[in-house]
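Coordinate analysis (summary)
The lines below spell out each chain.
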Amino acid sequence: MGIVLGYISFLCVILLLLKLVTRKLQWKKIDRILMRGHKWICGVLVVSCFAHVICVIPVLGNRDKWVRITGVIATILIIAIIVFCHIMKKREQKLRWHRILSLAMLVMVISHVVVSIVDFNSYQNKVENIQIEGMDASGVANGTYRGKYDVGYICAEVEVTVENEKITHIELVQHKNERGKPAEKVVDEILKEQRTDVDEITGATNSSKVIKKAVEEALQN
């Protein structure tokens, strides 16, 4: 959604720049066509922006702070453009502020898309580099141990209870995820097999790996 918003924002600015040319050359008919297109695209941008905001609210905590900051600023700038276009009466003043805010918005949207891509790639690299060692409770003293593993988009924290060198209970204290809820079943598989290198849950591979690594962290502690 964020990348799509970036393209729409870029298209809005392109239309705005083309209007500057048609206005200078006094191509009135083309200017009116561009104005209608600009208004329509801007309407789509506003609706898409707020739809994007609503969709990402549940997972904002999983995102890097710069993703959140650039997203908030871009949204504020979009709102500012709408407000300025309605409260300012003088045409020249309205156009000047509209251009300034539009360019600022484009820069911020591009920044938001870039940091989002960097953040996502970092998350993917962290998941790919997870090495499951296939640990069991051999040599682990009786007790309850806490382990945590965080890769950004996904974070799991567990409490593992060991009795007589067997894993008797795993409590999933925290599982921050996107669509990885089904991965929580991997806890039952670890208890059943008494080792951490069990199969991942289909459709929730990344969350499964993070949970298994959190269990290993607990056993190592």
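Above: the structure in question.
Conventions adopted
Residues numbered from 1 in each chain as written. Predicted model: local features only at pLDDT ≥ 70, side-chain atom pairs only at ≥ 80, totals over all residues. Heavy atoms only, no water. Core = buried A, V, L, I, M, F, W, Y, C linked by side-chain atoms within 4.5 Å. Buried < 20%, exposed > 50% of the residue type's maximum accessible area, 1.4 Å probe, protein only. Helix = DSSP H or I, 4+ residues; strand = E, 2+ residues; numbered from the N terminus. Contact = heavy atoms within 4.5 Å. Salt bridge = Lys/Arg side-chain N within 4 Å of Asp/Glu carboxyl O. Pairing = 2+ DSSP bridges.

Let us now look at the nonpolar core. For soluble globular proteins, the rule of thumb is that nonpolar side chains tend to be buried together. In terms of nonpolar packing, the biggest core is built from 29 residues, with Val160 and Ile170 touching the most fellow members. Counting residues per element, this core draws most heavily on helix H6 (residues 205–220), which supplies six residues. Residues within four places of Val160 in sequence aside, it is in contact with Gly143, Thr144, Tyr145, Ile167, His169, Ile170, Val215, Ala218 and Leu219. If you look at the next biggest cluster of nonpolar residues, it comprises 16 residues, including Ile8, Leu15, Ile41 and Leu77.

Enumeration according to the criterion identifies nine salt bridges in this entry. Lys212 serves as the salt-bridge partner of Glu200, at 2.8 Å between the closest nitrogen and oxygen. Separated by twelve residues along the polypeptide, Glu200 in the loop between helix H5 (186–193) and H6 and Lys212 in helix H6 bring together distant segments of the chain. Put simply, Glu133, Lys213 and Glu216 are held in one network by salt bridges that share partners.

Attention shifts here to the environment of Gly143. One can find Gly143 in strand E1 (residues 143–150). Along the backbone, Gly143 and Ala74 are 69 residues apart, and their C-alpha atoms lie at a distance of 50 Å. Residues contacting Gly143, with those up to four places away along its chain left out, are Val160, Thr161 and Val162.

Moving on, we come to the pairing of strand E3 (residues 166–176). Direction of pairing for strand E2 (residues 155–163) relative to E3: antiparallel, over a ladder of nine bridges. Across the sheet, the residue bridging to Glu163 is Lys166, located in E3. Remark: two residues form the turn of the hairpin made by E2 and E3, two consecutive strands paired antiparallel; Asn164 in that turn has positive phi of roughly 55 degrees.

This part covers the pairing of E2. Where burial is concerned, most of E2 is hidden: seven out of the nine residues are buried. Of the strand pairs in this sheet, E1 and E2 are connected by eight bridges, and their pairing is antiparallel. Considered in E2, the bridge of Asp150 is made with Cys155. Hairpin connection of E1 to E2: four residues between the antiparallel strands, including Gly152 at a positive phi of 100 degrees.

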